[in-house]
Amino acid sequence: MIELAGIVILGILAQWVAWKLKIPAILPLILIGLLVGPIAAEYLSSDGSKWIEPIYNGKKGLFPGESLFYFVSLAISIILFEGGLTLRVKEIKNVGPVISKLITIGSLVTFFGAAVAAHFIFYLSWEMSFLFSALIIVTGPTVITPILRNIPLKQDVSAVLRWEGILIDPIGALVAVLVFEFISVDAGGAFTKTAFIEFGKIVLFGSTFGFAFAHGLNFIINKKLIPHYLLNVFALASVLGVFVLADTFAHESGLLAVVVMGMVLGNSNSPYLKELLYFKESLSVLLVSILFILLAANINMEDLLLIFNWNTVILFAIVVFVLRPLGVFLSTFNSSLELNEKLFISWVGPRGIVAAGIASLFGLKLAKNGVPDAEFITPLVFMIVLGTVLLNATTARYVAQWVGVFLKKSNGILIIGASKASRLIGNYLEENGRHVVLIDNNQNNIDKAAELGLEAINTNIYADTLADNIELNDVGYIIALTGNSDINHFAIDRFKGEFGENGAFRLITADELNDPNYKPKQSIFLQGDDFISLTETTRRYPAIHEIELTDKKHFDTLIDLSGRDYDIIPLFLKDESDQLHIISNIDKDYEEFTEGWKLVYLGKPYDIEKIQKEKTNMKQNEKASN
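Owing to the predicted nature of the structure, the values given are computational and were not obtained by experimental measurement.

Asks: Mind showing me how you'd approach the overall build of the chain here?
Replies: Per the secondary structure count, the chain includes 24 helices and 10 strands. When burial is assessed residue by residue, the chain has 54% of its 626 residues classed as buried. Summing over all exposed atoms, the chain offers an accessible surface of approximately 28200 Å²; the carbon and sulfur share of this is 59%.

Asks: Looking at this structure, I do not really get unusual backbone geometry. What am I missing?
Replies: As a rule of thumb, non-glycine residues mostly have phi less than zero, and peptide bonds are mostly trans rather than cis. Despite not being glycine, Tyr123 has its phi angle at roughly 60 degrees, a positive value. By the secondary structure assignment, Tyr123 is in the loop between helix 4 (96-122) and helix 5 (126-135). A positive phi angle, near 70 degrees, is found at Asp373, a position not held by glycine. Relative to the helices and strands, Asp373 resides in the loop between helix 15 (353-368) and helix 16 (377-403).

Asks: When you look at the packing of helix 4 against helix 13 (residues 310-331) in this model, what are you seeing that I'm missing?
Replies: Axis angle and axis distance: for two packed helices, these are the angle between their axes and the distance between the axes, and together they describe the pair. At a minimum axis distance of 8 Å, the contact between helix 4 and helix 13 shows a crossing angle of 155 degrees. It follows that helix 4 is roughly antiparallel to helix 13 by the angle criterion. Once helix 4 is placed against helix 13, the crossing between them reads as right-handed. Residues of the contact of helix 4 with helix 13, tallied by class, amount to 17 nonpolar, seven polar and one charged.

Asks: Please clarify how the sheet that holds strand 3 (residues 455-458) should be interpreted in this entry.
Replies: The strands making up a sheet associate through backbone hydrogen bonding, with each pair oriented either parallel or antiparallel. Taking strand neighbours across the sheet as the criterion, the six strands line up as 3-2-1-4-5-6 in an open arrangement whose pairing is parallel. Because the sheet does not close on itself, it has two edges, and the strands there are strand 3 and strand 6 (523-524). Alignment of strand 1 (residues 412-416) against strand 4 (residues 475-480), held across five bridges, turns out to be parallel. Paired with Ile416 across the strands is Ala480, a residue of strand 4. The strands touched by helix 18 (residues 443-451) are strand 2 (436-440) and strand 3; relative to strand 3, the strand with the most contacts, the crossing angle is about 165 degrees. Along the sheet, helix 19 (residues 485-499) makes contact with strand 1, strand 4 and strand 5 (503-506), crossing strand 4 at roughly 175 degrees.

Asks: Explanation requested: the packing of aromatic side chains in the structure shown.
Replies: For any pair of aromatic rings, the description rests on two quantities: the centre-to-centre distance and the angle between the ring planes. A full pass over the atoms with the stated rule returns 13 aromatic pairs. Consider the rings of Phe111 and Phe112, whose centres lie 5.1 Å apart with planes at 75 degrees: the pair is edge-to-face. A centroid spacing of 6.0 Å and a plane angle of 85 degrees characterise the contact between Phe112 and Phe130, whose relative ring orientation is edge-to-face. Within this pair, whereas Phe112 is found in helix 4, its partner Phe130 is found in helix 5, the two being separated by 18 residues in sequence. Judged by its relative accessible area of 45%, Phe112 falls in the partly exposed class. Grouped by ring-pair contacts, the aromatic residues Phe111, Phe112, Phe120, Trp126 and Phe130 constitute a single cluster.

Asks: Which parts of the structure should I look at to understand the nonpolar core?
Replies: One broad rule of soluble globular proteins: the nonpolar side chains tend to lie buried together. Counting 135 residues, the largest nonpolar core has Ile30, Leu131, Phe132, Leu315, Phe344, Leu380 and Val381 as its most contacted members. A per-element tally of this core places helix 16 first, with 14 residues. One finds Tyr428, Leu429, Tyr477 and Ile544 within the second-largest nonpolar core, a separate group that totals 29 residues.

Asks: Help me out: how do you make sense of a nonpolar patch on the surface in this one?
Replies: There is a patch of nonpolar side chains on the surface, built from Leu35, Ile39, Tyr43, Leu44 and Trp51 and spanning about 510 Å² of accessible area. With respect to the secondary-structure elements, Tyr43 resides in helix 2 (residues 26-44).

Asks: I tried to follow empty space enclosed by the protein on my own but got confused; where do I start?
Replies: Over the atoms, a rolling probe the size of a water molecule traces out where space has been left empty. By the definition in use, this model includes four cavities of 30 Å³ or more. When its volume is computed, the largest cavity comes out at roughly 100 Å³. A breakdown of the residues in the lining of the largest cavity according to their chemical character gives five nonpolar, six polar and three charged.

Asks: Whenever I open this one, the side chain of Gln15 confuses me. Can you help?
Replies: Positionally, Gln15 belongs in helix 1 (residues 2-21). In contact with Gln15, other than residues within four places in its own chain, are Ala25, Leu29, Val285, Val288 and Ser289.

Asks: Any chance you could explain the sheet that holds strand 7 (residues 544-548) here in plain terms?
Replies: The strand order across the open sheet formed by four strands is 7-10-8-9, and the pairing between neighbours is antiparallel. In this open sheet, the two strands that pair with only one neighbour each are strand 7 and strand 9 (580-582). On average, adjacent strands in this sheet sit at an angle of 35 degrees to one another, irrespective of strand direction. Note that strand 8 (residues 568-574) and strand 10 (residues 598-603) share six bridges and pair antiparallel. In the strand pairing of strand 10, Leu573 is matched with Leu599.

Asks: Quick question: what am I supposed to make of helix 19 here?
Replies: Spacing of three or four residues puts side chains on the same side of an α-helix, whose turn is 3.6 residues. Of all the bends in helix 19, the largest measures some 35 degrees and sits at Asp493. The set of residues buried in helix 19 consists of Asn488, Ala491, Ile492, Phe495 and Phe499. Buried positions along helix 19 lie against strand 1, strand 4 and strand 5. Its side-chain oxygen placed 2.9 Å from the backbone nitrogen of Asp486, Asn484 serves as the N-cap of helix 19.

Rules behind the numbers
Residues numbered from 1 in each chain as written. Predicted model: local features only at pLDDT ≥ 70, side-chain atom pairs only at ≥ 80, totals over all residues. Heavy atoms only, no water. Helix = DSSP H or I, 4+ residues; strand = E, 2+ residues; numbered from the N terminus. Buried < 20%, exposed > 50% of the residue type's maximum accessible area, 1.4 Å probe, protein only. Areas by Shrake-Rupley, 256 points an atom, 1.4 Å probe, with all protein chains shown as cover. Axes fitted to C-alpha atoms, helices over the stretch in contact; angles between N-to-C directions. Parallel < 35°, antiparallel > 145°, perpendicular 65-115°, else oblique. Left-handed = near helix turned anticlockwise from the far one by under 90°. Nonpolar A, V, L, I, M, F, W, Y, C, P; charged D, E, K, R; others polar. Pairing = 2+ DSSP bridges. Contact = heavy atoms within 4.5 Å. Phe/Tyr/Trp six-rings, centres within 6.5 Å; stacked < 30°, edge-to-face > 60°. Core = buried A, V, L, I, M, F, W, Y, C linked by side-chain atoms within 4.5 Å. Patch = residues over 30% accessible without salt bridge, like charges linked within 9 Å, V, L, I, M, F, W, Y side chains within 5 Å. Salt bridge = Lys/Arg side-chain N within 4 Å of Asp/Glu carboxyl O. 1 Å grid on protein atoms, 1.4 Å probe; cavity = no way out; pocket = protein on both sides within 12 Å on 5 of 7 lines; lining within 4 Å. Points joined across faces, edges and corners; volume = space filled by probe spheres on them. Bend = angle between axes of the 7 residues up to and from the residue. Polar contact = N/O pair within 3.5 Å; in protein donor to acceptor, adjacent residues only side chain to side chain.

Encoded structure:
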């Protein structure tokens, strides 16, 4: 009981440390596992036993027999399903071919190159060498996301690394399964044929079960055949059921089945997808925390000593500095990616939970069956995992700056609220070359934004997951445009440090607007209009126009003519280089105008002469009445 509670406590503590230090959680988790496992047994324990013993050894241990293998398999299936849920096909419209080549050509380079290196450096059998190379194909979202989260990159570069990390997980697992089948099958001349038959069954049953059960679960959820309070646990049970069922028909096909299931559900229009994702994310954090400590603690000191030599350094250098760049450059040949972007992608390739989990699974099984060199698999893979994570976590930001993919200024714009006015403004900004992301918890608004081709996220502004979205790493402006002043205030206060480094703006409230002595502490997007005015003007005149300015006086005149009486709301200034500037900063930043500046406004088209004439008549009438 103490061991089990200790794993959970230490795991969550490691997650907190990782969050605090802004590093992948895998790093402190593995270090803790090694500390309470082989290091404790060798140096800290008086009786030579581990503080946490994963497999029952006759005296102590959490999992008797092969129970640990079953637990690891089920846990990895849930983690892969959660990864599949986060996939969005629209994200790879610009870099789809690159990702396809990375997970095929790039994987082949690593598979054959690492196998040759392991064979000639450590003198492993070809079977064990190829099993090792198959296991280190994978990168993984659990390590990629924390590294990229704090580095402002172009969206295409982030998308390539994120999609590669998620998609390559099951591919690496399947390749490892194929090699495992080759090693396990001893059928003389039928060796190759039998192994490929097994692989075909894995692909067939995995993809079929995943696709079919995803649509079945989606149908049941949308028809509300499951009570809301059972939704998350029912989905969890479905994932486990699909994994076990597919595995029954074809051994190890469950991994592919749950990834396909997650991908299909993640790209559906289910209104309950957000809830499923939140639940699976929380569960994945707990499972990752437990798994890594267990797997690291299960390693023995004699296994670590097997790789405690210069051969390990040579193998690591070949994998990181030769094979990864070679695979990336072959995969990105003739692509739209620039040389500096290819260099950065070549540098970032940390290995994650699937590599460590399956390595432990297969390594221990083969070692138990007395297969030669099987004892090298787990420590070698853990070395690659630890080394790549440590290297990338500490250097990725500096490498991004050095090769020139680091965005010096984040010009992306996050709009809180996806109402019609927000969608209109967002669409204009997108057409003018700005990356715009709208967030709202109203699915109808999100769907309408998606129809316009806008990037929109259905999320709760109070949720922590918004800060974890690496697609927002180029956002430097935040504009809160909801009808709820509390939400607008909260959004600015909470996220201005992360997403509003270049400007954080909100709508003025009706009370602020009617108080002539009010001086707002936060930047206001529309100085003279609140949400009601913005919404009403958008309803009557849903169009954004531009008018060329001559000088500052001209601008002041136009601003003076704007207002509710004329259904005109000034939004931005566009300078001679077509850069947009929020008008809220006019007094501070734009004292002088040059030829070519334009006023961008929402509402009906300006008829300057008519409006000026109306203004003049109104003033004359006021004087006459007085």
